[in-house]
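A look at the structure
Read off the chains here:
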Amino acid sequence: MNKVILMGRLTRDPEVRYSQNDNTMAIARYSLAVDRRVSRNNQGNGDQQTADFINCVAFGRQGEFAEKYLHKGMKIAIEGRIQTGSYTNKDGQKVYTTDIVVENHEFCESKNANGGGFTPADNNVAAAAPTPADDGFMNIPESVEELPFGG
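Description of the structure in this document. (Residues numbered from 1 in each chain as written. Predicted model: local features only at pLDDT ≥ 70, side-chain atom pairs only at ≥ 80, totals over all residues. Heavy atoms only, no water.)

1. Things to note about the nonpolar core
Selection rule: Buried Ala, Val, Leu, Ile, Met, Phe, Trp, Tyr and Cys residues that are joined via side-chain atoms within 4.5 Å together make up what is termed a nonpolar core. Summary of the burial criterion: residues with accessible area below 20% of their type's maximum are buried, those above 50% are exposed, and those between are partly exposed, where the area comes from a 1.4 Å probe applied to protein chains only. Secondary structure counts use DSSP, requiring at least four H or I residues in a row for a helix and at least two E residues in a row for a strand, with both numbered from the N terminus. Throughout, a residue-residue contact means that at least one pair of heavy atoms, one from each residue, lies within 4.5 Å.
Counting 18 residues, the largest nonpolar core has Tyr30, Leu32, Leu70, Ile76 and Ile78 as the members making the most contacts within it. Of all elements in the fold, only β1 (4-10), β3 (26-39), β4 (47-59), α1 (60-69), β5 (75-88) and β6 (94-107) reach the threshold of two or more residues within this core. At four residues, the largest contribution of residues to this core is made by β3. Beyond its immediate stretch of four places on either side in the chain, isoleucine 78 contacts Val4, Ile5, Leu6, Tyr30, Leu32, Cys56, Ile100, Val102, Asn104 and His105.

Now the structure itself:
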């Protein structure tokens, strides 16, 4: 089974290109900074945190989603699969690649937490702002037919 779930922050805005064949498709590339805890107990320093920078690529609807809603610094979770490949660069050297092919994106913090993100007007969603309920969940107006996240 090839399944990956990661949570991290975008290191840059997604770079989006569109394929030039009969079925035009969005292809979004970005990288995630994913925290990794490194144990340094043998040196008396305790745990130290560092980050891995993971290259991600999203195709089709997921690529369009990335172009429209994802921005540098946002904390997101992705679900996908690892894909490896190789190519020969202009100097004749073989370069090996490892990417996460994104099958699903999810937001991991509110719009106000990072100063940007989704607004209801972005996806022709009713402009009425959701209101918090007593149970900690947001009440979504019944007029909302489609939310801008998910598969």
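2. Some points on the packing of aromatic side chains
To keep it simple, the criterion reads: Aromatic rings from Phe, Tyr and Trp, taking only the six-membered ring of Trp, are treated as a pair when their centres fall within 6.5 Å; an angle between ring planes under 30 degrees marks them as stacked, one over 60 as edge-to-face, and anything in between as tilted.
Here the structure, examined in full by the defined rule, presents two aromatic pairs. An angle of 45 degrees between the planes, with centres 5.0 Å apart, marks the rings of phenylalanine 65 and tyrosine 69 as tilted. Of this pair, phenylalanine 65 and tyrosine 69 are both found in helix α1, four residues apart, which corresponds to roughly one turn of the helix. Each member of the pair, phenylalanine 65 together with tyrosine 69, is buried. Connected via pairs of aromatic rings, a cluster forms that spans Phe65, Tyr69 and Phe107.

3. A short note on the pattern of salt bridges
Here is the rule: Each reported salt bridge corresponds to a side-chain nitrogen of Lys or Arg within 4 Å of a carboxyl oxygen of Asp or Glu.
If you walk through the whole model with that rule in mind, you get seven salt bridges. Where glutamate 103 meets lysine 3, a salt bridge forms, and the shortest distance between an N and an O atom there is 3.9 Å. Highlighted residues: glutamate 103 in strand β6 and lysine 3 in the segment before β1, separated in sequence by 100 residues. Take glutamate 103: its relative accessible area is 38%, and that puts it in the partly exposed class. Look at lysine 3 and you get partly exposed, because its relative accessible area is 45%. Across the pair arginine 29 and aspartate 99 runs a salt bridge whose closest N-O atoms are separated by 3.8 Å. Of this pair, arginine 29 sits in strand β3 while aspartate 99 is found in strand β6, placing the two residues 70 residues apart along the sequence. Owing to a relative accessible area of 38%, arginine 29 belongs among the partly exposed residues under this scheme. According to the relative accessible area criterion, aspartate 99 is buried, its value standing at 15%.

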